[in-house]
Amino acid sequence: MQFNFTFDSSPFKTLISFHKIIKSFEETALSQVDFQAAYAKSLLEEIKKYPELIEGIEKTEDLHQYEPIVKILLADLFPHSLTKNEIKAITIPFYLYTFNHTERLDQILKDAGDHYDFNYRDVSPDTYYILNCCMIISQYYGVKVDAMDTPIFLDIPDKDNIMHHYRVLFNADFMDIVPTERAVELTGEDIIELIDNFSDIALWKSKFPERSWILKGFAIMTLFDATTENAVSSFKSNLLREESAIQLDEIESIFRSIYKINDLRIGLTSFEKVREEFNLRLVEKQLYSHLLYDSTLAECEEMLCHETLEGLLTKNEFLVVPDIDKIPALDPKKAYFIDKLKKQHVKSFIFVPLIQDDKVLGLLEMSSSKVRALNSVNANKLDFILPFIKDKVSKAFSETENQIEAVIQKEYTAIHPSVKWRFQEEAIHYLNNRAFGKDYSLQEIVFENVYPLYGQIDVQGSSESRNQAIKEDLIHQTTDLIALFTKINQTHKLPLFEQKVFDLQRNLATLDLSLSTDTEQVMLDQFTMDVHPILENFRKNNKDSLVLADINAYFDRINLGIGGFYEARRDYDNSITLINKKLVTILDEKQLEAQEYFPHYYERYKTDGIEHNMYIGASIAPDKNFELYYLKNLRLWQLQVMCEMESQFRVLQPELPHQLEVTSLILVFATPISIRFKMDEKQFDIDGSYNVRYEIAKKRIDKAKIKGSTERITQKGKLVIVYSHLYEETEYLGYINLLQHKGLLQDDIEKFDVEDLQGLIGLKAIRVGFKA
């Protein structure tokens, strides 16, 4: 088969001529080397019979009759010794009409078959026209045009329908470009305008009308097999697409071009290492997977635990099997794995671990039904493309991470990093089952046998302080209103104004006695619905009144959110906010340090002060070896942080707009408990009836009193540690002695029993003062 294709429109009138090579023979005929001169003379004598070979042939179909003499004429350019290796032919640049092929090119065209439609890749009729114009600018006007360096490719399938990519090179040394009377003479400005407007086909055709130039001669077209390089480039472009999906048919086609294996099968099994186990992760479900083939999700995940796969991922080495029948399968799991591949008609395969930045992404799988089609030699071709595959799968992992986070946020809300792995596992199970089209209910998440630690720094008498602030605001507001109505009544005497003064004075007397639970709301309602409308009406109808400025000043002090004065309460609320912000900052920063000792669950709450819970145990971090000294270390850490928070509070206290005090408490609970994530409440809670005793203790202990006394166990400037057993007392006294030595605690250690509370009997406590 021959190429026989061109575009209809061109700036050239083409004359296929051999005048330049004939001229070279004329020069050789004058040579002093007798045998060369004799050969040239005899050839020139023969060529005289075909003057059209010099004048030029316009119709390509007329070339066939000159084929024997043309072959002789071009023998030096197409040596017979290279005809089976070189891929060459005679043509005109950018045309696809060729002749005088080398044997290798003939074989390539024969293997492609008559059905294949040949085209230069990505060369449109307009591009073809403009490239011809660029050739005129470059060769006739001598101006270099970068477009002439643009790579041109032919994509040709072989007999197995594997696509090969050939770079096309033209040698135009045997061509002349001649203007006709219709040619437009270009100025330098014209050429600059053309170069600046490459895509403007109308402009190019105005400067280079059709068939206004003569292209006389021939060019040598050489094809260079750039299949591997081109396939790698195409593969990279495919993976760098914005859309996340990897197109299997495109990937397999590219791999088959690289490996020249027509039945090459590509697969990907993606998973990650969570703790010390590999968990399946379906980041690209549309990709084929040899491991997932005809398997349930559970079978796939069990297979990932197999030592062959685990060793492959741990060592980060290729698994290359040229002949699957030669693999011994004594291990049942290994036999199951081999049988699975044989069911897919696999005879040779390569499995490649995908690991990036020490993170396991999965396995790239390549297989063929032919023995030794894949082997340790051609496995090295993967070195060119593995980085791109890893980047793509890593990106897909990131997108799946977002899906996992979405499941966690929807079903669990924000989760502490120490236990996030367990929620990720559950989210992965959910997504994997959904990918398989199966219903899956999220399982309850429980951490068993964990040791609890609880601590709090509470604002002492916060309820009384808040009530006192409310009372102050109500007194100030009532006092201002009495003054306003008294002043109004002096200039605008109405019995109603006198009545309002009387009612407000009675309210003021009530405030001096006590503040009940509904006093604030009753008085604010009275102000809003009864008092304020009168003042608003008076302000509207008495714009010249001397009292107007006082009324405006009163309303300026009203907080729109509550409908009353908010000054003493603002000071109180701001003080609580400052305290909480300072204590939380210390606790959260120190927690980062504590997590380095041993991972543990941590949560804290802002109330009138700060409470924090910690749970530590083997189930929180099953990939680490938990020992009791980690618990003791965390207890000592907690004591030190409580000392620091107390110290920082003392620094902050003078700056508070409302003076407050705090008390500090730690609850010791030596028995391991279980915590369960409650889906309805979106938080962890104590699991089991016996463990509820710990939760009750947390809620009631800070209000408890010393047994046989009316004195509360908590006091400002002191740390109280509540416990149940003598060995806990001994342990904490050791910690206290250390902190006394470090100058954090005073020497005034008190020990006492705690009063019996409902469901809590036999608690004891140690109380010790903080060093100022």
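About the criteria used
Residues numbered from 1 in each chain as written. Predicted model: local features only at pLDDT ≥ 70, side-chain atom pairs only at ≥ 80, totals over all residues. Heavy atoms only, no water. Helix = DSSP H or I, 4+ residues; strand = E, 2+ residues; numbered from the N terminus. Buried < 20%, exposed > 50% of the residue type's maximum accessible area, 1.4 Å probe, protein only. Areas by Shrake-Rupley, 256 points an atom, 1.4 Å probe, with all protein chains shown as cover. Pairing = 2+ DSSP bridges. Axes fitted to C-alpha atoms, helices over the stretch in contact; angles between N-to-C directions. 1 Å grid on protein atoms, 1.4 Å probe; cavity = no way out; pocket = protein on both sides within 12 Å on 5 of 7 lines; lining within 4 Å. Points joined across faces, edges and corners; volume = space filled by probe spheres on them. Nonpolar A, V, L, I, M, F, W, Y, C, P; charged D, E, K, R; others polar. Core = buried A, V, L, I, M, F, W, Y, C linked by side-chain atoms within 4.5 Å. Contact = heavy atoms within 4.5 Å. Salt bridge = Lys/Arg side-chain N within 4 Å of Asp/Glu carboxyl O. Phe/Tyr/Trp six-rings, centres within 6.5 Å; stacked < 30°, edge-to-face > 60°. Expected span 1.5 Å × (residues − 1). Bend = angle between axes of the 7 residues up to and from the residue. Parallel < 35°, antiparallel > 145°, perpendicular 65-115°, else oblique. Left-handed = near helix turned anticlockwise from the far one by under 90°. pLDDT = per-residue confidence, 0-100. Disulfide = S-S within 2.5 Å.

Draft legend 1. Focus on the overall build of the chain. When its secondary structure is counted, the chain shows 23 helices and 25 strands. Across the 772 residues in the chain, those meeting the buried criterion constitute 49%. Accessible area of the chain: about 38000 Å², with a carbon and sulfur share of 50%.

Draft legend 2. Representation of the sheet that holds strand β2 (residues 12–16) in the model. With mixed pairing, 3 strands are arranged side by side in an open sheet as β2-β8-β7. A single partner strand is all that each edge strand has here, and the edge strands are β2 and β7 (175–179). Between one strand axis and the next, the sheet turns by 20° as a mean value, whatever way the strands run. Of the pairings in the sheet, the one linking β2 to strand β8 (residues 213–217) comprises 5 bridges and is parallel in character. Considered in β8, the bridge of I16 is made with G217.

Draft legend 3. Local environment of empty space enclosed by the protein. Overall, the coordinates contain 2 cavities of 30 Å³ or more when judged by the stated rule. Reported here for the second largest cavity is a volume of approximately 40 Å³. What lines the second largest cavity is simply L667, V668, F669, R693, A697, S724, L760 and L763. Contributing elements (two or more residues each) for the lining of the second largest cavity: β20 (662–668) and α22 (692–700). Taken together, the residues of the lining of the second largest cavity break down into 6 nonpolar, 1 polar and 1 charged.

Draft legend 4. Representation of the nonpolar core within the structure. Of all hydrophobic cores here, the largest spans 69 residues; its most connected members are F18, I21 and F208. At 9 residues, the largest contribution of residues to this core is made by helix α6 (residues 125–139). Discounting chain neighbours no more than four positions away, the residues touching F18 are L53, V70, L73, L74, F99 and F218. Counting residues in each nonpolar core, the second largest holds 50 residues, with Y572, I666, Y732 and I736 among its members.

Draft legend 5. Representation of the pattern of salt bridges in the model. Following the criterion strictly, the structure yields 32 salt bridges and no others. Here E86 and K88 are joined by a salt bridge, their closest N and O atoms 3.5 Å apart. With its nearest N and O atoms 3.3 Å apart, the salt bridge here joins K207 to D190. Taken together, the positions of K207 in helix α8 (residues 201–207) and D190 in helix α7 (residues 188–195) put the pair 17 residues apart, joining distant regions of the chain. D190 shares its class with K207; the two are buried. Connected via shared salt-bridge partners are E711, K718, D748, E750 and R767.

Draft legend 6. Summary view of the packing of aromatic side chains. Following the criterion strictly, the structure yields 22 aromatic pairs and no others. Pairing Y140 with W213 gives two aromatic rings, centres 4.9 Å apart and planes at 75°, and the pair type is edge-to-face. With a gap of 73 residues between them, Y140 in the loop between α6 and β5 (152–157) and W213 in strand β8 connect regions that are remote in the sequence. Residues F349 and F351 carry aromatic rings whose centres are separated by 5.0 Å and whose planes lie at 55° to one another, so their mutual orientation is tilted. Per residue, the accessibility class of F349 equals that of F351, and both read buried.

Draft legend 7. Spotlight on helix α20 (residues 568–597). With 30 residues, α20 ought to run about 44 Å at 1.5 Å a step, and its terminal C-alpha atoms sit 44 Å apart, in line with that. Most pronounced at Q591, the bend in α20 amounts to some 25°.

Draft legend 8. Seen up close, unusual backbone geometry. Of note, R211 is a non-glycine position whose phi angle comes to about 55°, a positive value. Here R211 is to be found in the loop between α8 and β8. In this structure, R372 takes a positive phi of about 65° despite not being glycine. Along the chain, R372 falls in the loop between β14 (359–368) and α14 (386–411).

Draft legend 9. Just the packing of helix α18 (residues 519–541) against helix α19 (residues 548–556), in detail. Between α18 and α19, the least distance of the axes is 10 Å, while the angle of their chain directions is 135°. In terms of orientation, α18 and α19 fall into the oblique class. In this structure, α18 crosses over α19, and the sense of that crossing is left-handed. Contacts between α18 and α19 pair H532, L535, E536, F538 and R539 from the former with L548, I551, N552, Y554 and F555 from the latter. Among the residues making up the contact of α18 with α19, the classes are represented as 6 nonpolar, 2 polar and 2 charged.

Draft legend 10. Local environment of the sheet that holds strand β6 (residues 163–171). Taken together, the 4 strands give an open sheet; going across it, the order is β3-β9-β6-β5, and neighbouring strands pair in antiparallel fashion. Two strands close off the open sheet at either side, each with one partner strand: β3 (88–91) and β5. With direction set aside, neighbouring strand axes in the sheet form an average angle of 35°. Where β3 lies against strand β9 (residues 219–225), 4 bridges are found, and the strand directions are antiparallel. Of the residues in β9, the one forming a bridge with A89 is M221. Set on the sheet, helix α5 (residues 103–112) makes contact with β3, β5, β6 and β9; between it and β5 the angle comes to about 55°.

Draft legend 11. Broad picture of the confidence of the model for the chain. Looking at the chain as a whole, its pLDDT mean stands at 82, while 85% of the residues score no less than 70. Confidence over residues 1–5 falls short of pLDDT 50; this stretch has 27 contacts with residues more than four positions distant or in other chains. Below pLDDT 50 for its whole length, residues 274–286 participates in 59 contacts with residues either more than four positions away or in separate chains.

Draft legend 12. A look at the packing of helix α16 (residues 462–491) against helix α17 (residues 495–513). Axis separation between α16 and α17 bottoms out at 9 Å; the angle between their running directions is 160°. By the criterion of interaxial angle, the relationship of α16 to α17 is roughly antiparallel. Taken as a pair, α16 and α17 cross one another with a handedness that is left-handed. Touching K471, L474, I475, T478, T479, L481, I482, F485, T486, I488 and N489 of α16 are F497, E498, K500, V501, L504, Q505, L508, L511 and D512, all from α17.

Draft legend 13. Structural view of the environment of I675. Relative to the elements of secondary structure, I675 occurs in strand β21 (residues 673–678). With 230 residues separating them along the chain, I675 and I445 place their C-alpha atoms 8.6 Å apart.

Draft legend 14. Here's a closer look at the state of the cysteines. Using the criterion set out here, one finds 0 disulfides in the structure. C133 forms no disulfide, and the closest cysteine sulfur to it belongs to C134, at a distance of 6.9 Å.

Draft legend 15. Fine view of the pairing of β9. Bridge analysis of β6 against β9 gives 6 bridges, and the strand direction is antiparallel. If you follow V168 over to β9, its bridge partner there is L223.

Draft legend 16. Seen up close, the side chain of K500. As for its placement among the helices and strands, K500 is situated in helix α17. On the accessibility criterion, K500 (8% relative accessible area) is buried. For K500, the contacting residues outside a window of four places in its chain are F485, D530 and I534.

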